[in-house]
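If you want the building blocks of each chain, they are given just below.
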Protein chains: 2
Amino acid sequence: MGKAKRNIYLTNIPLEEAQHQYFSCFPTDEVFLKSERIPVLEALDRVTVDAVYAKKSSPNYNAAAMDGIAVIAESTYGAMESNPKRLKKEKDFIYVNTGGCLKDPYDAVIMIEDIVEIDSDIVEIYSGAKPWQHVRPIGEDIVEGELILFGNHMIRPMDIGALLAGQIQEIEVYQEPQVGIIPTGSEIIEVSERLQEGKIIESNSRMFSGMVQHYGGKPNRYAIVEDDYSLIKEALITAVKENDIVLINAGSSAGSKDYTVDVLRDLGEVVIHGVATKPGKPVILAVVEGKPVIGIPGYPVSAYFVFEFFLKPLLFKYNRQVMPEDRKIKASLTRRIVSSLKHEEYIRLKLGKVGDKMMATPLERGAGVTMSLVKADGILIVPQQSEGYEAGTEIEATLLKSKEEIEKTIVSIGSHDLVMDMLGNLLHKKNPLMCLSSAHIGSMGGLMAMKKRECHVAPIHLMDEITGEYNISYVKRYIKDEKMALIKLIKRSQGLMVPKGNPLNISGIRDLTKEDIQFVNRQRGAGTRILLDYYLKELEIEASAVNGYEREMTTHMAVAAAVAGGTADCGLGIYSAAKSMDLDFVPIAWEDYDLLIAKKDLNNKEITALIDVMKSNEFTKLVEALGGYDTSNAGEIIYI
Amino acid sequence: MGKAKRNIYLTNIPLEEAQHQYFSCFPTDEVFLKSERIPVLEALDRVTVDAVYAKKSSPNYNAAAMDGIAVIAESTYGAMESNPKRLKKEKDFIYVNTGGCLKDPYDAVIMIEDIVEIDSDIVEIYSGAKPWQHVRPIGEDIVEGELILFGNHMIRPMDIGALLAGQIQEIEVYQEPQVGIIPTGSEIIEVSERLQEGKIIESNSRMFSGMVQHYGGKPNRYAIVEDDYSLIKEALITAVKENDIVLINAGSSAGSKDYTVDVLRDLGEVVIHGVATKPGKPVILAVVEGKPVIGIPGYPVSAYFVFEFFLKPLLFKYNRQVMPEDRKIKASLTRRIVSSLKHEEYIRLKLGKVGDKMMATPLERGAGVTMSLVKADGILIVPQQSEGYEAGTEIEATLLKSKEEIEKTIVSIGSHDLVMDMLGNLLHKKNPLMCLSSAHIGSMGGLMAMKKRECHVAPIHLMDEITGEYNISYVKRYIKDEKMALIKLIKRSQGLMVPKGNPLNISGIRDLTKEDIQFVNRQRGAGTRILLDYYLKELEIEASAVNGYEREMTTHMAVAAAVAGGTADCGLGIYSAAKSMDLDFVPIAWEDYDLLIAKKDLNNKEITALIDVMKSNEFTKLVEALGGYDTSNAGEIIYI
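- The name an unreviewed UniProt entry assigns to chain A is Molybdopterin molybdenumtransferase, from the organism Natronincola peptidivorans.
- Word for word, the UniProt comment on chain A under Sequence similarities (unreviewed entry) is "Belongs to the MoeA family."
- According to the UniProt record, the Catalytic activity (unreviewed entry) comment for chain A reads "adenylyl-molybdopterin + molybdate = Mo-molybdopterin + AMP + H(+)".

Listed below in structure tokens is the structure:
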């Protein structure tokens with residue numbers, strides 16, 4: 001370890017308390033942002049410094065509010081149906097269009113529909129005009145000196161219209177809060193650099209930049225800084241000088257190379273180090289030169305939440321704007337969630353409306369799994385005092401997508417196959433308002449989810465151990481209260497994925513018992529695992545005789561990645577996964593991969609569209625190009 | 001009129017039908033936008049063309065998930081509390097930090113907290129490590145070949161993070177829909193030009209540009225085109241060629257200079273001309289070269305709604321995105337609304353929470369009143385089949401501001417004075433989360449609104465005809481069920497506003513009966529009108545003896561503008577209004593302008609902040625600079 005130090009202990013302060021304590025370091029009326037004078041035409045989404053009053057009235061003259069004739073009201077009195085009055089052009093009246101100028105001596109407008117043109121010079125009217133009828137008087141829209149906008153107001157499109165109408169050409173606005181973003185870490189590299197072992201592409205700062213833009217700030221991203229005390233210190237000094245808020249990413253924990261907290265103690269005050277949230281715990285909230293400096297943990301999901309917890313409110317505060325409420329929705333939890341009393345937990349959810357019930361399915365909970373954030377439709381907050389929720393509990397989720405989008409989404413729960421992604425993509429391409437959302441919990445999981453009506457379709461591949469037939473017997477055994485159907489999707493080739501050249505000469509299931517072979521398995525309930533168990537039983541092999549039987553992955557690609565990465569010598573999976581990771585493949589069996597669905601849902605608009613995609617040439621071509629698939633029955637319906 | 005033609009008749013098609021009919025001219029899968037390849041770093045808010053799959057796994061190596069030591073799992077077996085095992089550095093273990101690379105032969109990590117360092121070379125462990133414990137295997141975050149994003153997906157900050165992690169550097173996105181905006185009209189000028197009589201500043205196109213940006217398009221604003229058939233035609237041909245959608249503003253009605261519809265019939269097909277909405281009726285929905293071309297009416301409020309009705313959905317459609325639902329809120333209507341069966345009406349509302357009830361007060365309904373849009377907190381839609389609603393009806397409003405903002409707003413209903421704007425501005429400047437929203441319906445209106453608990457404060461100036469005392473006797477007479485108080489605000493000078501130099505030599509109320517003097521009055525219930533009536537009665541003058549007594553304006557500034565514009569010779573109002581319009585002023589009386597409030601509300605946080613502002617030097621200075629005001633009692637409380 002040498003002289004590297006370790007501070008293992010972080011505080012565990014509840015989020016709300018931490019927010020309150022930290023934000024009160026920056027009293028609203030002391031938040032100082034420079035202002036600048038800019039053209040109104042460029043002022044969209046900027047914040048006014050002071051109240052703005054109209055320079056001129058609009059209209060700035062008395063304007064006709066209708067197409068018609070301008071008249072002198074007094075000279076029209078007495079006209080009536082039984083005793084029409086004739087008016088002479090240029091003397092008693094002139095023609096005006098809506099918006100036209102009403103000049104002395106004219107003081108009223110008669111609508112074109114209410115006159116009769118006798119000849120090109122004379123018109124007849126049938127009722128008198130009241131003074132100023134159908135006239136937009138000076139200032140009807142905006143009166144000179146009238147308040148148009150308050151100070152501290154974020155300028156909207158309609159405000160720009162009103163400002164221009166009030167003849168304001170330039171406006172004093174606050175500069176956007178500048179947010180300095182410093183990525184640190186000796187292992188991270190720019191996306192443009194060559195990816196080597198031990199290196200990770202720096203992506204968090206780019207996510208932060210986008211969030212800063214969305215929340216009304218201006219991101220300034222600095223170059224990557226190595227894990228080095230003095231380099232980090234130097235970068236922070238510069239960033240604090242050049243920005244209103246500073247983020248420093250990673251190094252916020254308490255490891256031997258986590259210098260951030262020490263540098264911040266050196267440069268200013270660390271208000272809080274450690275908050276009782278998961279993800280997001282090892283955050284550092286500091287003040288340097290009166291400005292907020294936040295140390296953000298490195299895992300992408302933690303980074304996202306820490307930004308939402310602390311940066312978003314700060315940006316709204318600096319912009320003097322009220323933070324809009326989150327959109328929420330009630331939903332029924334499909335799976336049990338266990339959470340620790342130690343922290344408030346933020347769980348990513350897939351949401352989908354099945355029948356008339358909104359269903360919430362938790363996604364992976366690891367802080368490192370970026371895709372759990374990308375895939376999430378909503379967030380469930382489990383309070384610190386709660387140990388979690390049972391399946392079936394009605395929870396409230398914060399929405400990350402619109403309710404409409406979620407309601408038009410086909411929810412798929414079950415087995416994983418690349419083909420599902422292709423199907424989803426084509427469906428969405430052809431019908432931008434429809435989505436297919438896939439949760440991967442294996443075939444048995446899908447069957448159970450369908451039994452509980454938690455999904456619209458369940459992709460399954462379950463071989464009957466006696467008949468060798470796929471899927472039908474399982475459906476019959478488990479779902480009895482509802483008429484079901486199978487939408488045939490594909491046949492696919494399952495086999496053993498081995499490194500290129502098959503160095504250990506693996507030729508079949510029997511080889512898995514060899515002592516020098518490390519296997520990697522799929523999770524319990526996965527069709528692929530059931531397939532393995534079937535063959536092990538047939539060959540009378542005990543599970544314990546297979547090295548690595550206990551190591552579980554949840555997708556074919558994850559198994560392939562383990563083999564490609566050398567942490568396993570072989571795993572059971574589909575041909576396309578092996579091929580995409582450049583592995584060799586020892587075929588074992590062809591299996592039927594179908595979508596299970598309730599018969600009554602077959603005519604739903606979204607399902608019809610999905611079946612159309614399955615039958616399309618585009619789908620066939622794409623899938624067959626992967627290899628190891630047979631699409632000849634795709635879209636056929638089997639009633640069970 | 002010459003050869004100009006008039007098409008007086010527009011269709012009256014219900015909005016939803018018009019939308020359906022028009023949008024179906026542009027089938028989603030035929031909407032054609034060019035795509036381009038751009039760096040992921042610049043792809044925020046852009047829309048993917050195709051599905052994007054990860055190029056590389058992340059992490060791309062087996063990484064330590066904890067700070068600690070990397071070990072060979074097998075060599076740690078058997079270690080226990082009672083029988084610790086010693087490991088030698090560089091042979092049995094190496095130190096690793098979170099994120100560090102785990103290389104052969106190491107296959108597990110033991111946390112730093114679970115080891116004891118014996119010396120710089122030897123550590124002791126107390127339990128064995130399972131293979132791959134505390135290791136982030138290759139692809140834990142993203143697996144090579146994994147689907148990251150579907151096609152037709154609008155890229156969010158977190159998506160950029162995931163794309164970079166999957167080593168995607170460039171991405172194919174659709175070009176943003178280009179929206180050509182053509183302002184037309186011989187009477188409109190650029191804001192930079194000198195404002196002359198008969199000219200109006202062009203502002204709608206600038207509002208449209210902002211809306212296009214907010215809804216994901218790219219605005220291309222063209223120069224102003226005169227009302228001339230061939231010039232308009234030429235401009236349209238160019239704009240259709242250069243854009244995906246074209247807006248042409250004004251000339252959409254059926255007046256003699258409304259060429260737009262004829263040009264569009266000439267160039268393409270006019271699908272609909274006239275929709276059953278108010279505002280927004282005279283819209284033109286056309287197709288030219290397969291692209292949407294929309295003729296938008298000239299009044300700013302109509303223009304705004306037509307954009308919302310037709311352009312917003314088109315932009316979402318072109319971007320292949322689901323339009324988010326509007327935020328709605330239930331509220332109680334404070335005033336009766338009468339609406340025609342001829343159209344669906346869109347009414348701008350002020351919203352405010354008084355006690356625990358959300359109150360909705362309708363704003364001016366004219367299509368020309370831009371400020372009704374700027375001031376609006378929400379919109380009430382009165383269906384075509386409805387004749388309106390009675391006061392007290394519970395309605396549902398579409399929110400234009402956030403609920404939080406509205407809930408923190410002090411609702412003021414009553415008399416108008418510039419001082420209220422200053423007060424509101426200072427309150428918001430010092431407390432960005434608080435707002436003061438003022439509706440101007442006169443002192444009596446304010447008193448009645450307070451009686452019905454529709455507002456937090458009511459600015460009033462009501463003179464008792466017998467005692468000459470202000471406000472107290474009125475409050476006692478009308479509000480008996482609640483303890484009330486007055487917050488003293490200002491004394492102000494009321495008088496006759498006359499043109500500079502007082503050409504008609506007006507010296508007092510008695511002069512208003514002179515035949516050559518045109519007066520302009522305030523609306524019924526305004527304190528200023530009550531003051532006038534008091535003097536007329538005192539002088540035994542009949543209202544009918546005053547020319548213009550019937551002509552009503554709702555603010556001091558509007559009265560001043562009428563005098564300044566020459567449509568009236570004099571009006572009663574406050575000194576500051578006269579001064580800001582450069583008028584002369586004949587003083588008549590000093591009056592007390594106070595805020596009426598329920599006693600129990602005096603300690604509300606927002607009210608306390610408001611009183612603080614009244615007592616501040618800043619407020620005093622600003623108000624006294626206007627002239628005609630006395631602030632010496634501002635902020636004092638009188639219990640009634």
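After that view, the rundown keeps rolling.
## Some words on the overall build of chain A
Now for step 1: Helix and strand counts for chain A come out as 17 helices and 38 strands.
Now for step 2: Its C-alpha radius of gyration of 35 Å places chain A more than 25% over the 26 Å reference for a compact globule of 640 residues.
Now for step 3: Principal axes of the C-alpha set define a box for chain A whose edges measure 115 × 70 × 45 Å.
Now for step 4: Split into buried and exposed, the 640 residues of chain A put 59% on the buried side.
Now for step 5: Here the analysis covers contacts within chain A between residues at least 6 apart in sequence; of these, 76% occur between residues at least 24 apart.
Now for step 6: Taken together, the 73 basic and 90 acidic charged side chains of chain A have centroids lying 4 Å from each other.

## With respect to the interface of chain A and chain B
Now for step 1: Counting residues at the interface gives 119 residues for chain A and 119 residues for chain B.
Now for step 2: Between chain A and chain B, roughly 10300 Å² of surface is buried when both sides are summed, and carbon and sulfur atoms account for 61% of that area.
Now for step 3: The interface formed by chain A and chain B holds 4 salt bridges in total.
Now for step 4: For Glu325 of chain A, the salt bridge goes to Arg327 of chain B, with nearest N and O atoms at 3.3 Å.
Now for step 5: Counting across the interface, chain A meets chain B through 22 residue pairs in polar contact (both at pLDDT 80 or more).
Now for step 6: The greatest single-element share of the side of chain A that touches chain B, amounting to 8 residues, is contributed by helix α3 (residues 157-165) of chain A.
Now for step 7: Of the residues that constitute the side of chain A that touches chain B, the class distribution is 55 nonpolar, 30 polar and 34 charged.

## Focus: the sheet that holds strand β6 (residues 93-96) of chain A
Residue and element names in this part refer to chain A.
Now for step 1: Taken together, 3 strands build an open sheet; the order of strands is β6-β4-β7 and the sheet is antiparallel. Each edge of the sheet is formed by a strand with only one pairing partner; in this case those strands are β6 and β7 (108-111). Each neighbouring strand pair of the sheet contributes to a mean axis angle of 35°, computed without reference to strand direction.
Now for step 2: Summarising the sheet, strand β4 (residues 68-71) and β6 pair through 4 bridges and their orientation is antiparallel. Bridge pairing in β6 links Val71 to Phe93.

## Notes on the relation of the copies chain A and chain B
Now for step 1: At an RMSD of 0.1 Å, chain A and chain B line up after a rotation of 180° and a shift of 0.0 Å along the axis. These values place the two chain copies in the arrangement generated by a two-fold rotation axis. In terms of proximity to the rotation axis, the leading residue of chain A is Arg327 of chain A, whose C-alpha is 4.6 Å off the axis.
Now for step 2: Interface overlap between copies: 100% of the residues of chain A at the interface are likewise at the interface in chain B, consistent with a symmetric, same-surface contact.

## Brief notes about unusual backbone geometry
Now for step 1: Cis peptide bonds are those with omega within 30 degrees of zero, and the linkage from Lys278 of chain A to Pro279 of chain A qualifies with 0°.
Now for step 2: Among the structural elements, Pro279 of chain A can be located in the loop between β19 (277-278) and β20 (284-288).
Now for step 3: Cis geometry is found at the peptide bond from Ser58 of chain B to Pro59 of chain B, where omega equals -10°.
Now for step 4: Mapped onto the secondary structure, Pro59 of chain B falls in the loop between β2 (52-53) and β3 (63-64).
Now for step 5: One non-glycine residue with positive phi stands out, namely Asp45 of chain A, at about 70°.
Now for step 6: By the element assignment, Asp45 of chain A lies in the loop between β1 (35-39) and β2 (52-53).
Now for step 7: On the basis of relative accessibility, which here comes to 36%, the residue Asp45 of chain A falls in the partly exposed class.

Parameters at a glance
- Residues numbered from 1 in each chain as written.
- Chains lettered and ligands numbered in written order.
- Predicted model: local features only at pLDDT ≥ 70, side-chain atom pairs only at ≥ 80, totals over all residues.
- Heavy atoms only, no water.
- UniProt positions renumbered as here; feature names shortened; annotations may be inferred.
- Helix = DSSP H or I, 4+ residues; strand = E, 2+ residues; numbered from the N terminus.
- Rg over C-alpha atoms; globule rule 2.2 N^0.38 Å.
- Buried < 20%, exposed > 50% of the residue type's maximum accessible area, 1.4 Å probe, protein only.
- Contact = heavy atoms within 4.5 Å.
- Lys, Arg positive; Asp, Glu negative; His and termini not counted.
- Charge placed at Lys NZ, Arg CZ, Asp CG, Glu CD.
- Buried area = accessible area lost by both parts, 1.4 Å probe.
- Salt bridge = Lys/Arg side-chain N within 4 Å of Asp/Glu carboxyl O.
- Polar contact = N/O pair within 3.5 Å; in protein donor to acceptor, adjacent residues only side chain to side chain.
- Nonpolar A, V, L, I, M, F, W, Y, C, P; charged D, E, K, R; others polar.
- Pairing = 2+ DSSP bridges.
- Axes fitted to C-alpha atoms, helices over the stretch in contact; angles between N-to-C directions.
- Least-squares fit on C-alpha atoms with pLDDT ≥ 70 in both.

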